[in-house]
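The lines below spell out each chain.
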Amino acid sequence: MSSVDVGCLVEDTIVTDVGRSIDDVCGMDEVKAALKDHVISPLKTGSLTCPLRILLCGAPGTGKSYLVRSLAKDILPVPMYACHCCDLISKWYGEVDFRRKLFQHAASRETGAVMLLDELETICTPHYANLFEVLIEELVKLPPNVVVIINSLRPWTIPANFLPVFNKILYTPVPDREARANQIRSLLKDHLSPNDDDLGILADIAEGLTAADITCFIQEAVKKPVRDLMEASFFVEKDGKMTPCDADTEGCIKTTAFDLIDLPDAEDKVSCRPLSLSDIRECLSRARPSTSEEEIGQFEEFLRQNAR
């Protein structure tokens, strides 16, 4: 792998998707406040005088990477580099150069930089024990205006000699009721406008679900009118368009969406029914939390023992 290739790989790690701000992320108010105080404000004002290395831990799907990548807009023109921890290791020639070049590239930025290293647990095995000594050396060499944020799904697997590297540990919890309601409102904004009472009911049904769980099941619900359209056997004309209906609906005809689609100007003659709250309730009611109480307990115990 040539130095040019390595340089291109490093450039590719710079986050260019800066469409959302940290304030656009639902929930996680304590974590967002900490990132604003310790990362955004010091970088924007140039007041970072001490190295800042943050461990951001939380169960899968709680939005760790999504949240950190949202910083990219708030810290402009300071760049953000993002890669997986497993990208820092390889038996192949040249990829050691990538790790070294990545750290050097970030350190050379006069504006400072943020480095996001994702999924630390992927290298938390005895096989990579020596790598942590190398990473400690690389991190120590970074100037104070380079902030390092490392994400982990299982922080209790981090080697004991590496934990002291972090001077701040943050936790992304499973969303609370308010965060769930706000996320559901955001996901439905282009499809449905439930009132606060309905949002509260949906948030209660989604209790225990992670942000990723909620996104998955809301997206499934949004597709339900389309599935019903394709599976329907009876249609009735409403406002000049053929809409799925029950067999006992007055004026209905027996046909399929595939037959209707073959008609001239089909796009103007066939329509899905509107998305309903019952669609959302049905999908959320089938959901099961992807994070167990036992796993949440492990995070709480880790935070109790390593609070900083």
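Refer to the structure printed above.
Residues numbered from 1 in each chain as written. Predicted model: local features only at pLDDT ≥ 70, side-chain atom pairs only at ≥ 80, totals over all residues. Heavy atoms only, no water.

**Concerning the side chain of Lys-32**
With respect to the secondary-structure elements, Lys-32 resides in helix H2 (residues 29-45). For Lys-32, the side chain forms a polar contact with the main-chain oxygen of Gly-27, separated by 3.2 Å. Ignoring anything within four residues of it in the chain, the contact list for Lys-32 reads Ile-22, Asp-23, Val-25, Cys-26, Gly-27 and Leu-67. (Helix = DSSP H or I, 4+ residues; strand = E, 2+ residues; numbered from the N terminus. Polar contact = N/O pair within 3.5 Å; in protein donor to acceptor, adjacent residues only side chain to side chain. Contact = heavy atoms within 4.5 Å.)

**Focus on the packing of helix H8 (residues 211-222) against helix H12 (residues 277-286)**
Think of two packed helices as two axes; the pair is described by the angle between the axes and how far apart they sit. Running from amino to carboxyl end, H8 crosses H12 at an angle of 140°, the nearest separation of the two axes being 9 Å. In terms of orientation, H8 lies oblique with respect to H12. As for the relative orientation of H8 and H12, their crossing is right-handed in sense. Only Asp-279, Ile-280, Cys-283, Leu-284 and Arg-286 of H12 make contact with H8, whose side of the interface consists of Phe-217, Ile-218, Glu-220 and Ala-221. (Axes fitted to C-alpha atoms, helices over the stretch in contact; angles between N-to-C directions. Parallel < 35°, antiparallel > 145°, perpendicular 65-115°, else oblique. Left-handed = near helix turned anticlockwise from the far one by under 90°.)

**Notes on empty space enclosed by the protein**
Enumeration according to the criterion identifies one cavity of 30 Å³ or more in this entry. Taken together, Pro-51, Leu-52, Arg-53, Leu-139, Leu-142, Pro-143, Val-146 and Val-148 make up the lining of the largest cavity. Split into classes, the residues belonging to the lining of the largest cavity amount to seven nonpolar, no polar and one charged. (1 Å grid on protein atoms, 1.4 Å probe; cavity = no way out; pocket = protein on both sides within 12 Å on 5 of 7 lines; lining within 4 Å. Points joined across faces, edges and corners; volume = space filled by probe spheres on them. Nonpolar A, V, L, I, M, F, W, Y, C, P; charged D, E, K, R; others polar.)

**Looking at unusual backbone geometry**
Pro-77 follows Leu-76 through a cis peptide bond whose omega is 10°. Inspection of the secondary structure puts Pro-77 in the loop between helix H3 (64-74) and strand E2 (80-84). Even without being glycine, Met-28 reaches a positive phi, approximately 50°. Along the chain, the position of Met-28 falls in the loop between helix H1 (3-12) and H2. Positive phi values are uncommon outside glycine, yet Asp-239 reaches one of about 55°. Relative to the helices and strands, Asp-239 resides in the loop between strand E6 (234-238) and strand E7 (241-244).

**Digging into the pattern of salt bridges**
Per the counting criterion, the structure on display carries 10 salt bridges. Across the pair Asp-196 and Arg-185 runs a salt bridge whose closest N-O atoms are separated by 3.2 Å. Linking Asp-196 in helix H7 (residues 196-205) with Arg-185 in helix H6 (residues 177-188), this pair joins segments that are 11 residues apart in sequence. Residue classification places Arg-185 among the partly exposed positions, given a relative accessible area of 37%. Each of Lys-224, Asp-228, Arg-273 and Asp-279 takes part in salt bridges that share partners, so that together they form one network. (Salt bridge = Lys/Arg side-chain N within 4 Å of Asp/Glu carboxyl O. Buried < 20%, exposed > 50% of the residue type's maximum accessible area, 1.4 Å probe, protein only.)

**With respect to the pairing of strand E4 (residues 146-152)**
Counted residue by residue, E4 has seven buried out of seven residues, so it is predominantly covered. Along E4, one buried face is formed by Val-146, Val-148, Ile-150 and Ser-152 and the opposite face, lined by Val-147, Ile-149 and Asn-151, is buried too. The sheet contact formed by strand E1 (residues 53-58) and E4 spans five bridges and is parallel. Counterpart to Leu-55 in the pairing with E4 is Ile-150. Bridge count for strand E3 (residues 113-118) against E4 is five bridges, and the pairing is parallel. Counterpart to Leu-117 in the pairing with E4 is Ile-150. (Pairing = 2+ DSSP bridges.)

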